[in-house]
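These are the residues of each chain, in order.
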Amino acid sequence: MERMKIEHIISTLLIVLSSIIQIYAKPGDKSEPVRYVGPVTTSNSDYDSGYHDGQFRPAVGVQNYQILRANRTHPELADDMGWTYNHAPMLTYWNGMFYCIYLSNPTGEHIPPGVTLVAMSKDGKNWSKPQVIFPIYFLPGEGDWVDLIHMHQRMAFYVAPDGRLLAFGFYGGNKGDGVGRVVREVYKDNTFGPIYSIKANFGRKKDMTYPMYTESNDKGFVSACDAFLNDKVKRIQWWEEDRTAANKDDFYRVPWIMDDGEKSPGQAFCYYTRPDSVLVGFFKARWTTLSFDQGESWSEPVQCNTLSYAGAKIWAQRMDNGQYALVYNPTGGLARHPLSIATGDDGIHFDNLLNVHSEVPLKRFWGREKRPGPQYVRGIIEGNGNPPGNDLWVVYSVSKEDMWISRIPVPVRGDVTGPINDNFNEMETGGVVTDWNVYSPKWCPVEVVVAPYASEKCLMLKDVDPYDYAKAVRVFNKSEKQQISFDLYAECQHQVLDVEVVSAKGERLVQARFDTTGSLLVKKGNNNATSVTEIESGKWYTVMIDLDAKKEQFNLSLNDEKLVTNAAFSAKGTVPERIIFRTGDYRLTNDVTEYKSGDQFVPGFDEKRPDDPVAPVVYYLKNFRTRY
C-alpha cells in the first residue's frame, strides 16, 4: 500500500513537472517547436466540439468543392469503380493543373483489393472523372498469382528539378510489412508512363513485380527518381510504411517517436521552412520536430499539447503572404469535424482558429473505420507547385467516402467590416463567389450564373442530392442594428430553402423557410415556425430583414410588405454575424448519435437509395446588401 502511494505521488509530480515545463518552455525551440496561443479551442467550455462546426466561426470566403461523390450502383456517375471507401487524398499543382490522388477500396479501410486514382482540374472547382493510376496488385504465389493487397500512402507527388512530375503509390499497409513503392511519370498531355518499382520494403524485393526504375530507357525519368531518393526531407514521407528500413540504415533521419513506451515512426509527415531557415516537421498525433541543418538531422519529436486534436492528419504550410497555417481537426473523440485553420506570422505561434469545412452529411455507405467528418487533410508541399493567386488549397476526404477540396482566401480572416453591396455581375460566371462561403457538393452546385429572365448575374443554389444540400454563407459586420436585403427567385413550386441569421457560434437567431407547401414560414422566438404568406415560383421577391440585437428582435418584409414585426430572436444574449442560405434541414447539432459506430460493412446497412438523384431544387439570389 505504501509503495502504491509513493508511485502515485511520483506520477503526480511528473505530471505537474511536465505542465510547468510546457508553460515555461520557449516556443520555437526543441522542447516546443510550435504553440497555439489563441483563446478558441474545444477545451474551452464556451465551445462544443459535438457540433459539426465546433461552434467556431468560418474563415471568410472559403469555397468547398466536391471532387468525387461515391456511387455504388451508378459508378459511371462517379469514378467507374463503384467503390465506397475513398480516402487519403494528396494534392499538387503542375503544368497549369491541379492533380489529386487518393486511395480506394470496395467497402472499408485496409480491406483489399485497393487501387489509387487520380483526378485533374484546371480551376480547382471542376474536376475530371477519376481514373486508376495504380491498379490492383496480386502477390506472386507458388507457381500462380494469389492474394490481393490494398494500398496505403502518405505522399503521392514529386516535381523533379527538371520539371517532371512523378506519382508514387505504395502496395501494402502502414506497419512496415508491405511490399514496396511504385512510381510512374505524369506527362504534360495527362497520360502516364509505365509503372516501375522504386523501393522495396525490407525482405520483399522478390514480391515486386514491376521492373526497377533504373531499367527505364528514359534517362530523364531515372534522374528524376534519383533526385527524389536523394531528397532527405521529402523522403521522410515514406518512413511510416517503410519502417523496417529505419533499423537498417540512415535513409530516414528523423528519430523514432516514443508513444506509450513503444518505439514508432512518425506518421503523415509534412513540413515548412521558418523565416530563420529552420525546418518545422509535423506528424500525426501532434508530434513536432525541428531541423537546423536542412534535414541532415532532426530534434527529438515532442507533442504539441496546446493543439486540440482528434487523431487525424495535420497539414502545415507557409502561405503566399508569408504567414503560416495549420489545418486540422481541433476536436477530440472518434469524430473528425470540423476541419479548421489556425494561422501565425512566425511559424511558431498560432492563433485565430477558424472553420474551413463544417459539414458532415450522413454517411451513405457503411464500412470499416469510416469515421465521420472532413479529415486527412493535405495541401501542396514545398516545391510541388503553386496555383495562381494567394489562395491556400487543401484536399481531404469526408467520412472516408467522398473527396473534397477547399480554396481558402489569404490572408485568412474571420471578420467583415463595413456595409455590403454584392453585385454578382462583377464576378466571373462559374468562378469564385467572392467573400461568400460556399459548400458545393457534386449534386448541389453553388455558383454564379446568369439570372433567369434577366441579363444580370446571380448566385444559384441547386440541389438533387437526397443526402446533402447546397449552402451559401455571407459573413457581415457585427452591429446592434442592421438591415439585410436580397432578391430571391424559386425556379419551381414547392421547394425548400432555409434562410437563417446566426451568431458567431452559429446560434440561429432568425429562422425562415421557403417551404414545400408554397409558404414562407418564420419562427418567432421559441415558437414553432408559422406561415406568414404564400410564395409563387418563377417570380422575384425582395426580402428585407431588420435586426435589433439590443432588443433581440427582428422585422421581416417581402416586396415592401411587412410580414413580421418585433419578433423575438430564437437565441438570447448574442449578436448576428452571418446569414445562411441552405437547401436542406439544419444538421450541425451536437447530437451525433446518428453516426453509427459499426466497424464492419454489413450488406443492406447502407442508406436508402443513396445513388439516385432526386427532383431538383433551384433558387437564385441577387442584390445582397447590408446596412447598419
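Residues numbered from 1 in each chain as written. Predicted model: local features only at pLDDT ≥ 70, side-chain atom pairs only at ≥ 80, totals over all residues. Heavy atoms only, no water.

The helix and strand inventory of the chain stands at two helices and 40 strands. Here the C-alpha atoms of the chain give a radius of gyration of 26 Å, agreeing with the 25 Å that 2.2 N^0.38 yields for 628 residues. Expressed as lengths along the three principal axes of its C-alpha atoms, the size of the chain is roughly 80 × 65 × 50 Å. Residue burial in the chain is summarised as follows: out of 628 residues, 59% are buried. Long-range pairs, those at least 24 residues apart, make up 61% of the contacts in the chain with a sequence separation of at least 6. Accessible surface, the chain as shown: approximately 25000 Å² in total, 50% of it carbon and sulfur. (Helix = DSSP H or I, 4+ residues; strand = E, 2+ residues; numbered from the N terminus. Rg over C-alpha atoms; globule rule 2.2 N^0.38 Å. Buried < 20%, exposed > 50% of the residue type's maximum accessible area, 1.4 Å probe, protein only. Contact = heavy atoms within 4.5 Å. Areas by Shrake-Rupley, 256 points an atom, 1.4 Å probe, with all protein chains shown as cover.)

Within the structure shown, the criterion is met by five cavities of 30 Å³ or more. Taken as a whole, the largest cavity spans an internal volume of roughly 310 Å³. Grouping the constituent residues of the lining of the largest cavity by class yields eleven nonpolar, six polar and seven charged. Reported here for the second largest cavity is a volume of approximately 110 Å³. Taken together, 14 residues line the second largest cavity, and the ones lying closest to its centre are Met-90, Leu-91, Gln-237, Gly-379 and Ile-381. Partitioning the lining of the second largest cavity into residue classes produces nine nonpolar, three polar and two charged. (1 Å grid on protein atoms, 1.4 Å probe; cavity = no way out; pocket = protein on both sides within 12 Å on 5 of 7 lines; lining within 4 Å. Points joined across faces, edges and corners; volume = space filled by probe spheres on them. Nonpolar A, V, L, I, M, F, W, Y, C, P; charged D, E, K, R; others polar.)

Another aspect to go through is the pairing of strand E32 (residues 497–503). The element E32 is largely enclosed, with a buried count of seven among its seven residues. What you see with E32 is no split at all: Leu-497, Val-499, Val-501 and Ser-503 on one side and Asp-498, Glu-500 and Val-502 on the other are buried throughout. Where E32 and strand E39 (residues 576–582) come together, six bridges link them in antiparallel fashion. Bridging across to E39, Val-499 finds its partner in Phe-581. (Pairing = 2+ DSSP bridges.)

Time to look at unusual backbone geometry. For the peptide bond that leads from Pro-112 to Pro-113, omega is 5°, which places it in the cis range. That bond from His-337 to Pro-338 is cis: its omega, -5°, falls within 30 degrees of zero. With respect to the helices and strands, Pro-338 occurs in the loop between strand E20 (324–328) and strand E21 (339–344). Even without being glycine, Lys-400 reaches a positive phi, approximately 55°. With respect to the helices and strands, the residue Lys-400 is situated in the loop between strand E24 (392–398) and strand E25 (402–408).

Estimates place the volume of the largest pocket at around 590 Å³. Around the largest pocket sit 33 residues that line it, and Arg-154, Asn-174, Lys-175, Gln-267 and Lys-284 are the ones nearest its centre. Here the second largest pocket is characterised by a volume of approximately 370 Å³. Along its surface, the second largest pocket is lined by 20 residues, and Pro-466, Tyr-467, Asp-468, Gly-584 and Asp-585 are the ones closest to its centre. Looking at the lining of the second largest pocket, its residues break down into eleven nonpolar, three polar and six charged.

Once that is clear, we can look at the confidence of the model for the chain. Confidence in the prediction for the chain averages 90 pLDDT; 90% of positions are at 70 or higher. The model gives residues 14–18 a pLDDT under 50, and that stretch makes zero contacts with residues more than four places away or in other chains. Segment residues 593–601: pLDDT under 50, and 21 contacts once partners within four positions in sequence are set aside and those in other chains are kept. (pLDDT = per-residue confidence, 0-100.)

A few words now on the sheet that holds strand E3 (residues 85–94). Read from one edge to the other, the open sheet built from four strands follows the order E3-E4-E5-E6, with strand pairing classed as antiparallel. The open sheet has two edge strands, E3 and strand E6 (131–134), and neither has a second partner. Each neighbouring strand pair of the sheet contributes to a mean axis angle of 35°, computed without reference to strand direction. (Axes fitted to C-alpha atoms, helices over the stretch in contact; angles between N-to-C directions.)

Position of Asp-402 among the secondary structure elements: in strand E25. The class of Asp-402 is buried, set by a relative accessible area of 3%. Residues contacting Asp-402, with those up to four places away along its chain left out, are Gln-66, Leu-68, Arg-69, Ala-70, Arg-364, Tyr-396 and Ser-397.

All right, on to the pairing of strand E4 (residues 97–105) then. Where burial is concerned, most of E4 is hidden: nine out of the nine residues are buried. In terms of strand pairing, E3 meets E4 through eight bridges, oriented antiparallel. The partner of Trp-94 across the bridge, within E4, is Met-97. By the bridge criterion, seven bridges tie E4 to strand E5 (residues 115–121) in an arrangement that is antiparallel. The residue of E5 that forms the bridge with Ser-104 is Val-115.

With that settled, the discussion passes to the sheet that holds strand E30 (residues 471–475). Within the open sheet, the eleven strands sit side by side as E23-E24-E25-E2-E27-E30-E39-E32-E33-E34-E35. Their pairing is mixed. Strands at the two margins of the open sheet, each flanked by one partner only, are strand E23 (374–378) and strand E35 (530–534). Pairs of neighbouring strands in the sheet enclose a mean axial angle of 20°, with direction left out of account. Summarising the sheet, strand E34 (residues 519–523) and E35 pair through four bridges and their orientation is antiparallel. The residue of E35 that forms the bridge with Val-522 is Thr-530.

The full count for this structure, using the stated rule, is 30 aromatic pairs. Measuring from centroid to centroid gives 4.9 Å for Phe-168 and Phe-228, while their planes differ by 40°, and the two rings are tilted. Remark: Phe-228 occurs in helix H2 (residues 219–229) and Phe-168 occurs in strand E10 (residues 165–171); sequence separation between them is 60 residues. Phe-228 gets classed as buried once you look at its relative accessible area, which sits at 0%. These aromatic residues form a ring-pair network of at least three members: Trp-239, Trp-256, Phe-269, Tyr-271, Phe-283 and Trp-298. Over the ring of Phe-251 we find Lys-199, and its NZ or CZ is 5.1 Å from the ring centre. Arg-235 extends its terminal NZ or CZ atom over the ring of Phe-251, reaching a point 4.4 Å from the ring centre. (Phe/Tyr/Trp six-rings, centres within 6.5 Å; stacked < 30°, edge-to-face > 60°. Lys NZ or Arg CZ within 6 Å of the ring centre and 35° of its normal.)

Inspection of the secondary structure assignment puts Asn-477 in the loop between E30 and strand E31 (481–490). With sequence-adjacent residues up to four places away left out, Asn-477 is seen in contact with Val-416, Thr-417, Gly-418, Gln-482 and Tyr-628.

So, about the state of the cysteines. For the coordinates displayed, the defined rule picks out zero disulfides. Free cysteine: Cys-270, not disulfide-bonded; nearest cysteine sulfur from Cys-304 at 13 Å. What makes Cys-270 buried here is its relative accessible area of 0%. Cysteine Cys-492 shares no disulfide, and the gap to the nearest cysteine sulfur, in Cys-458, comes to 15 Å. Relative accessible area serves as the criterion here: at 35%, Cys-492 is assigned to the partly exposed category. (Disulfide = S-S within 2.5 Å.)

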